[in-house]
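One-letter residues, chain by chain:
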Amino acid sequence: MTVEYLSEDQTARYGRFAGEPSAQELEEFFRLDTVALEQAAAKRRPHNRLGWAVQWGTVRMLGTFLSASAEVPPGVAEFVAEQLGIDDPSCLKLYPERLPTPTQHEHAREIRRLLKIRDFEDGDLALREYIAGRVWVSNEGPRALFDRAVTWLLRNRVLMPGLTQLARLVGEVRTGEQSLIYSVVDAPVEPEFRRGLLELLDVPEGAARSVLEGWRKGPRDVSGRGAEGRVGADAGHPRGEVR
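Residues numbered from 1 in each chain as written. Predicted model: local features only at pLDDT ≥ 70, side-chain atom pairs only at ≥ 80, totals over all residues. Heavy atoms only, no water.

### Thoughts on the overall build of the chain
- Secondary structure summary: the chain contains 12 helices and 0 strands in total.
- Its helices and strands in sequence order give the chain the pattern α-α-α-α-α-α-α-α-α-α-α-α, from N to C terminus.
- In the chain, which comprises 243 residues, the share counted as buried stands at 38%.
- A sequence separation of at least 24 residues applies to 68% of the contacts in the chain between residues at least 6 apart.
- Only carbon and sulfur atoms are counted for the fraction: they give 51% of the accessible area of the chain, which is about 14,800 Å². (Helix = DSSP H or I, 4+ residues; strand = E, 2+ residues; numbered from the N terminus. Buried < 20%, exposed > 50% of the residue type's maximum accessible area, 1.4 Å probe, protein only. Contact = heavy atoms within 4.5 Å. Areas by Shrake-Rupley, 256 points an atom, 1.4 Å probe, with all protein chains shown as cover.)

Right, dumping it as structure tokens:
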């Protein structure tokens, strides 16, 4: 499966700002704690202090660091600048001028150590196991699984890979696990096991429903007597009476 299964919206907002963050998002991701304030304040120039702090919030919200071409919403710059006592949030535009690749930048390395953020390669296996588990217990399509993968990476503080890499990982895991599920469903069933399953469909003499139906519906009376009635019905006693 290729990355074409993703929606335009998923592609557009992956690893980048999709407009101005809400007030709640600003508070959750860009409200600097004591340590972050100290680290940012230690930078020499205003645009470096502001850039460091915006990077700190960006990786927490988006799972990736800023690139030289990244556009930071004005509301983010203003929110962070106010905390740092910087009067001109527009000085942030000077920050990307000295920004090489995000993983090589000294600020990114500091923030990674501070937040204990891992490389994608360190979380790859655990993510695959998580997606595989979702395939077995749900009927979610590839788009939903992709969104769950993004959420898992953010929650576990693992850096986002490229869009294509993550989309292919999700597609490959889903396809592989579905094939395994189909093979299990189509596998030969032992005669004794088959008979046991069929017996669950039988309605015992004097009972109103099969054992399987009793398991599915449960007792109507949630009191202790209702539970006892269910036991009696499953055992085949008339009207669910325990003898």
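Moving on from the model shown.
### Examining the pattern of salt bridges
- As enumerated under the stated definition, the model contains 8 salt bridges in all.
- For R13, the salt bridge goes to D9, with nearest N and O atoms at 2.7 Å. Taken together, the residues R13 and D9, both in helix α1 (residues 8-13) and 4 residues apart, mark about one turn of the helix.
- A residue is classified by how much of its surface remains accessible, and R13, at 36% relative accessible area, is partly exposed.
- One salt bridge connects D119 with R112, and the closest N-O pair in it is separated by 2.5 Å.
- For R112, a relative accessible area of 18% translates into the label buried.
- Each of the salt bridges in this network shares a partner with another, and the network as a whole consists of D9, R13 and D147. (Salt bridge = Lys/Arg side-chain N within 4 Å of Asp/Glu carboxyl O.)

### As for the packing of aromatic side chains
- Taken as a whole, this structure holds 3 aromatic pairs when the rule is applied.
- Taken together, a centroid distance of 5.8 Å and an interplanar angle of 45° make the contact between Y14 and F146 tilted. Here the residue Y14 occupies a position in the loop between α1 and α2 (23-30), and F146 occupies one in helix α8 (residues 142-155), the gap between them amounting to 132 residues. By the burial criterion, Y14 is buried, and F146 matches it. (Phe/Tyr/Trp six-rings, centres within 6.5 Å; stacked < 30°, edge-to-face > 60°.)

### What to know about helix α6 (residues 106-115)
- Within α6 the residues assigned to the buried category are H107, A108, E110, I111, R112 and L115.
- If you follow the buried residues of α6, they end up packed against α3 (34-41) and α4 (46-62).
- Directly beyond the C-terminal end of α6, a positive phi value near 60° is found at K116.

### Structural notes on the packing of α2 against α4
- Running from amino to carboxyl end, α2 crosses α4 at an angle of 110°, the nearest separation of the two axes being 8 Å. The orientation of α2 with respect to α4, classified from their angle, is roughly perpendicular. Seen from α2, the contacting residues are E25, E28, F29 and F30; seen from α4, they are V54, W56, G57, T58, R60 and M61.
- Split by residue class, the contact of α2 with α4 holds 5 nonpolar, 2 polar and 3 charged. (Axes fitted to C-alpha atoms, helices over the stretch in contact; angles between N-to-C directions. Parallel < 35°, antiparallel > 145°, perpendicular 65-115°, else oblique. Nonpolar A, V, L, I, M, F, W, Y, C, P; charged D, E, K, R; others polar.)

### Describing a nonpolar patch on the surface
- A contiguous nonpolar surface patch, about 400 Å² in accessible area, is contributed by W136, V137, L180 and V184.
- Every element with two or more residues in the nonpolar patch is listed here: α7 (120-137) and α9 (163-185).
- Note that V184 resides in helix α9. (Patch = residues over 30% accessible without salt bridge, like charges linked within 9 Å, V, L, I, M, F, W, Y side chains within 5 Å.)

### Considering the environment of I111
- Among the secondary structure elements, I111 is positioned in helix α6.
- When the C-alpha positions of I111 and Q55 are compared, they lie 8.0 Å apart, and in sequence the two are 56 residues distant.
- With residues up to four places along the chain from it excluded, the contact list for I111 reads W52, Q55, W56, V59 and F65.

### Brief notes about the environment of Y95
- If you trace the backbone, Y95 turns up in the loop between α5 (74-84) and α6.
- C-alpha of Y95 to C-alpha of G51: the two residues are 44 residues apart in sequence and 5.8 Å apart in space.
- Looking at Y95, its side chain comes within polar contact range of the side chain of H107, at 2.7 Å. (Polar contact = N/O pair within 3.5 Å; in protein donor to acceptor, adjacent residues only side chain to side chain.)

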